[in-house]
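This is what each chain is made of:
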Amino acid sequence: MKARAGADKKNAQPVPVGVNLQRRLSQAHRGSLTGYDDQEGGNMPANFIDDSNMLGRSEDQLKLTDAELNEEHTRILTARNPQAAENIIRYSYKDRIYKPIPHVDQLAVHYQMDSNLINKDSDDAKRQVTVDTATEGVEVATASVGTDAETATKEGEDEDEDKPKKTAGAGGKGKKLTNQFNFSERASQTYNNPCRNRETFVEQTPRAVFTDNVSQWSIFDAYNEDFEQQQKLKEKESKKHTLKKDDDRKKKFVPSDQQAGDEFAKFVRSKTANISLKILERMINLNTFDDIAQDFKYWEDAADEYREQQGSLLPLWVFQYDMVKKLSCTNLAWNTQYPDLFAASFGSYDFLKQSRGMFLIYSLKNPSFPENMFPTDSGVMSLDFHPKHPNLLCCGFYDGSVAVYNIADENKRPKYQSTARSGKHTDPVWQVRWQKDDLDSNLNFYSVSSDGRVVCWTLVKSDLMYTDIVQLKLDKPTTETDEGVPLTTLGCGTCFDFNKQQDYLFIVGTEEGKIHKCSKSYNNQFLDTFDAHHMAVYAVRWNTYHPKIFASCSADWTVKIWDINYKDPLFVYDLGSAVGDVNWAPYSSTVFAACTADGKVFVFDLNVNKYEPLTEQIVVQKKRTKLTHITFNHQFPILLAGDDRGNITTLKLSPNLRKKPKVKKGQEVPEGPEAENAKLDKILALIRDPDAAKNKPTTQAATTTS
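Predicted model, so just to flag it, every value in this text is computed and none were measured.

1. What about the overall build of the protein?
Of regular secondary structure, the protein possesses 14 helices and 32 strands. The 706 residues of the protein split such that 33% are buried. Considering only residue pairs separated by 6 or more positions, the protein has 48% of its internal contacts joining residues 24 or more positions apart. Carbon and sulfur atoms provide 52% of the accessible area of the protein, an area that totals close to 49600 Å².

2. Some details on a negative patch on the surface
Residues Asp221, Glu225, Asp226 and Glu228 make up a contiguous surface patch of negative charge. On the secondary structure map, Glu228 appears in helix H8 (residues 216-253).

3. Thoughts on the sheet that holds strand E4 (residues 328-334)
A sheet is described by the order of its strands in space; here four strands give the open sequence E4-E5-E6-E7, paired in antiparallel fashion. Since the sheet does not close on itself, it has two edges, and those belong to E4 and strand E7 (372-376), each with one partner. Adjacent strand axes in the sheet meet at a mean angle of 15°, parallel and antiparallel pairs treated alike. Here strand E6 (residues 357-363) runs beside E7; their pairing, made up of five bridges, is antiparallel. Of the residues in E7, the one forming a bridge with Ile361 is Asn372.

4. So, a positive patch on the surface
A cluster of like positive charges, contributed by Lys232, Lys236, Lys239, Lys240 and Lys244, occupies part of the molecular surface. Among the structural elements, Lys239 can be located in helix H8.

5. Notes on the pairing of strand E25 (residues 571-574)
The alternating pattern of E25 places Phe571 and Tyr573 on a buried face, while none of Val572 and Asp574, on the opposite face, is buried. When strand E24 (residues 558-563) meets E25, the two strands line up antiparallel, connected through four bridges. By the bridge assignment for E25, Thr558 is matched with Asp574.

6. As for the pairing of E4
Counting buried positions over the seven residues of E4 gives seven, a clear majority of the element. Direction of pairing for E4 relative to strand E5 (residues 341-347): antiparallel, over a ladder of six bridges. Along E5, the bridge assignment pairs Trp334 with Phe342. Where E4 folds back onto E5 in an antiparallel hairpin, the turn is made up of six residues.

7. Topic: the sheet that holds E24
Taken in spatial order, the four strands of this open sheet run E22-E23-E24-E25, and their pairing is antiparallel. Unpaired on one side and paired on the other, strand E22 (537-542) and E25 mark the two borders of the sheet. Between one strand axis and the next, the sheet turns through 15° on average, direction left out of account. Pairing between E22 and strand E23 (residues 549-554): five bridges, direction antiparallel. Within E23, the residue paired with Ala539 across the bridge is Cys553.

8. Focus: the packing of aromatic side chains
For any pair of aromatic rings, geometry is given as the distance between the ring centres together with the angle between the planes. Throughout the structure, instances matching the rule amount to 28 aromatic pairs. Geometrically, the ring pair formed by Phe296 and Phe636 is edge-to-face, given 5.4 Å between the ring centres and 70° between the ring planes. One end of the pair, Phe296, is in helix H11 (residues 290-298); the other, Phe636, is in the loop between strand E30 (627-632) and strand E31 (638-643), and 340 residues separate them in sequence. Judged by centre distance (6.3 Å) and plane angle (15°), the rings of Tyr349 and Trp430 are stacked.

9. A look at the environment of Ser312
One can find Ser312 in the loop between H11 and strand E3 (313-319). Judged by relative accessible area, Ser312 falls into the buried class, the value being 12%. Distance in space between the C-alpha atoms of Ser312 and Val603 is 9.1 Å, their sequence separation being 291 residues. In terms of polar contacts, Ser312 uses its side chain to reach the side chain of Asp301, at 2.6 Å.

10. Points about the side chain of Ser450
The residue Ser450 is located in the loop between strand E13 (444-449) and strand E14 (453-460) in this model. By relative accessible area, which is 9% here, Ser450 ends up buried. Side chain to side chain, Ser450 and Trp430 meet in a polar contact 2.4 Å long.

11. Here we look at helix H12 (residues 673-688)
The end-to-end C-alpha separation of H12 is 22 Å, in line with the 22 Å expected for 16 residues at 1.5 Å each. Restricting attention to buried positions, one finds in H12 the residues Ala675, Glu676, Asn677, Lys679, Leu680, Ile683, Leu684 and Leu686.

12. Considering the side chain of Ser401
Along the chain, Ser401 turns up in the loop between strand E9 (392-397) and strand E10 (402-406). At 2.9 Å, the side chain of Ser401 and the side chain of Asp399 are in polar contact. In contact with Ser401, not counting residues within four places along its chain, are Cys395, Gly396, Gln417, Ser418, Lys424 and Val429.

What counts, and where the lines are drawn
- Residues numbered from 1 in each chain as written.
- Predicted model: local features only at pLDDT ≥ 70, side-chain atom pairs only at ≥ 80, totals over all residues.
- Heavy atoms only, no water.
- Helix = DSSP H or I, 4+ residues; strand = E, 2+ residues; numbered from the N terminus.
- Buried < 20%, exposed > 50% of the residue type's maximum accessible area, 1.4 Å probe, protein only.
- Contact = heavy atoms within 4.5 Å.
- Areas by Shrake-Rupley, 256 points an atom, 1.4 Å probe, with all protein chains shown as cover.
- Patch = residues over 30% accessible without salt bridge, like charges linked within 9 Å, V, L, I, M, F, W, Y side chains within 5 Å.
- Salt bridge = Lys/Arg side-chain N within 4 Å of Asp/Glu carboxyl O.
- Lys, Arg positive; Asp, Glu negative; His and termini not counted.
- Charge placed at Lys NZ, Arg CZ, Asp CG, Glu CD.
- Pairing = 2+ DSSP bridges.
- Axes fitted to C-alpha atoms, helices over the stretch in contact; angles between N-to-C directions.
- Phe/Tyr/Trp six-rings, centres within 6.5 Å; stacked < 30°, edge-to-face > 60°.
- Polar contact = N/O pair within 3.5 Å; in protein donor to acceptor, adjacent residues only side chain to side chain.
- Expected span 1.5 Å × (residues − 1).

Function-wise, these values are silent; they only describe arrangement.
Here is the structure:
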C-alpha cells in the first residue's frame with residue numbers, strides 16, 4: 001500500500017494554487033476542515049493559507065462550534081411591512097371629517113435604479129456590445145480552466161500543448177440583447193366629486209308672549225286634569241287588551257275554511273287584487289264565449305253575395321244583470337276613447353212604478369258582469385260620455401235632477417249634482433248632451449225636460465251653475481183665470497240634438513209631435529218649427545256628415561228624414577209599431593237604424609234602397625219585449641239594442657249593410673266627409689227637384705236590377 005502511494009505521488013501532477021484556494025474557501029464556508037484532517041494522518045499541508053485572514057474575519061468576531069453552526073433557525077416571511085404606519089389619518093372632503101385610512105401600502109423598496117435606452121445604431125451602443133462580449137468571454141474561460149483542470153491533465157497528454165483553445169463567444173455570433181428591466185408603470189386620473197352647497201330659506205317660527213298668574217289652585221287643577229287623562233289612557237289600553245284576547249279566543253275556534261275565506265276577502269278588497277281578478281275574469285270569459293268572440297272578429301255572412309239589397313244581423317253577446325231585470329234600458333252611450341266600453345242607464349217609463357235606478361259600465365271583454373255599478377235613488381233616464389274626458393259621465397234623472405259622475409273614482413257618489421236650490425227640473429230629464437267648453441274653459445252640458453226648459457249646466461269649481469237657454473211654449477192663445485192672470489201653456493221637451501258642424505244650432509222634439517229649430521243665441525223664440533209627427537217625438541238625430549239632414553222617430557210608428565230648409569219630410573217610413581230610437585251610422589251618411597216596440601231592428605241604406613229597409617229582424621228573446629234604444633259603435637261593425645227588461649243585445653252587421661258604393665274599374669272609392677256629403681246630396685237631388693225625378697226613374701231601376 002505504501003509503494004502504491006509513492007507511485008501515485010510520482011505520477012501525480014502539481015495542482016494549481018487557485019484550485020486549492022477554491023476548495024479551501026468552500027470548506028471554510030462550511031465551517032469544517034475535516035478533509036485535511038483525514039488525509040495523511042491529520043497533518044495540514046505546508047501550502048495551506050489561513051482562511052481567517054482570507055475571509056476578512058475581525059478579531060472580535062464570535063467563533064462558533066460546529067454544532068452551533070449546523071443549528072437551523074426558522075423564520076416566517078410575510079407580506080406585511082413592520083415599518084408601515086397603522087394610524088394614518090387624512091381629511092375626507094366628502095364627509096368633511098378626518099378619517100383613518102383602512103389600507104396602508106406595505107411595499108418596501110430594497111433596490112432601485114433608473115435605466116435609460118440607447119439607440120441600437122449609435123456609437124455608445126456598439127461600444128457597450130463589445131464590452132459585454134469581452135467580459136462574457138473571460139468569465140467562460142476562467143470557469144473552464146477551474147472545472148476541467150484534472151480531466152485536461154489525464155486525457156490531454158497526447159494532444160498538442162501548443163494548440164490554442166477556442167473560447168466561447170470569441171468568434172461566434174453576438175448575444176441577443178434582452179430587456180434587463182421588465183418594469184411597467186400605469187397611471188390613471190380619477191374624477192373628484194365636486195362639493196355642492198344647498199341652502200334653504202326657513203320661515204321664522206312665530207313667537208307669542210304669554211303671561212299668566214300662577215296660583216296654588218290653578219296648579220292643583222292642572223295636576224287633576226293630567227291625572228284624569230292618564231286614567232282614560234289606561235282604560236283604553238285595558239280595553240284593547242281585552243278585545244285582543246277575545247279575538248284570539250275566537251280565532252282558535254274558527255274553522256280553517258272560514259279563515260281562508262276571510263283572507264280571500266281581504267285580498268279582494270285591495271286595489272291590485274281588483275285589477276288581477278278582473279284580468280282573470282276576462283280570460284275565463286274569453287274562453288267561455290270563444291265562439292262568439294270568433295264570430296265578432298271573423299264572421300261574414302256568405303249569403304250576402306247572392307242578395308244585393310238585403311242584409312242580416314248576427315246576435316253576439318247579451319248583457320244582463322240581476323239588479324236591473326225589472327227596469328227598462330233608458331239610454332246607451334259608447335265611450336269616446338275606449339271602443340269596447342259603454343254605459344247603459346236603467347229606470348222606468350211608467351209613472352206609477354217609480355222606485356230606484358242604476359247605470360252600469362260594461363265592456364265587450366267581459367260580457368258576463370259589468371265593470372262598475374252606480375245605484376241611484378231615482379231612475380236614470382239619460383246619460384252621455386264627455387268627448388275629451390272619457391271618465392266624466394253626465395246623467396239625467398226622473399226626479400228632474402242632473403249629476404256628473406267620475407266613473408274612475410271608487411266613490412259611487414256624484415261629483416256634481418243639481419238640487420231644488422240650484423235650478424233643477426221639475427219633470428223627468430229625457431236627454432243630456434255634452435258641449436264644447438265655454439270661453440272660460442269650463443265644462444258644460446245641456447239637458448231637456450218635460451217642464452219645457454232647455455238648460456245649460458256649467459261646472460265651476462265645486463258648484464253646478466245653470467242657465468235657461470230655451471223655454472218651450474205652445475202656439476195656443478193664453479188663457480185667463482178668474483183672477484185675470486194670463487197663463488201660457490208650456491211644451492214638453494222629450495229629446496234634442498246639436499248640429500255636428502254648427503254647434504250653436506240644435507233641434508228639440510216635443511210630446512206634441514213638433515220639432516223646433518233653436519239657437520243658443522236666441523232664447524226667446526224658435527228659428528223654425530216643424531209639424532213633424534202626430535204623437536210624441538222619441539228621438540231626433542243630426543246626420544253624422546251632412547249639416548242639413550236630420551232624422552226623427554215617434555210613437556206614431558214612423559221614421560222621417562228631414563232637410564232643415566224644407567218644411568216637408570224627404571222620406572217617410574212606416575215601421576208598423578212605435579219607434580223607440582233612430583240613429584245614423586258613423587261610417588256612412590246614408591245608413592241609419594231604428595228599433596220598434598215589437599222587438600225589431602230595421603237598417604236602411606238610402607244609397608241602395610230608398611223605400612225599404614235592407615234588413616228587418618227580431619232580436620228580443622221573449623215576446624212582448626219592447627226595444628227602447630239603439631246605437632252604433634264608432635270603430636267596430638256592431639250596434640247595441642236595449643229593451644224594457646234590462647237586457648242589452650249586441651248585433652253584428654253583415655257586409656251588405658256596410659258595403660261601399662260601386663265604382664267603375666280603375667277608379668278608387670271616394671272616402672271622407674266630402675265624399676259622404678256628395679253621395680247623400682246626389683240621392684236628395686232626386687227628391688228635391690221634381691223634374692229630375694221624372695227623368696231618372698228608368699235609369700235608377702236599371703242600376704238596381706243590375
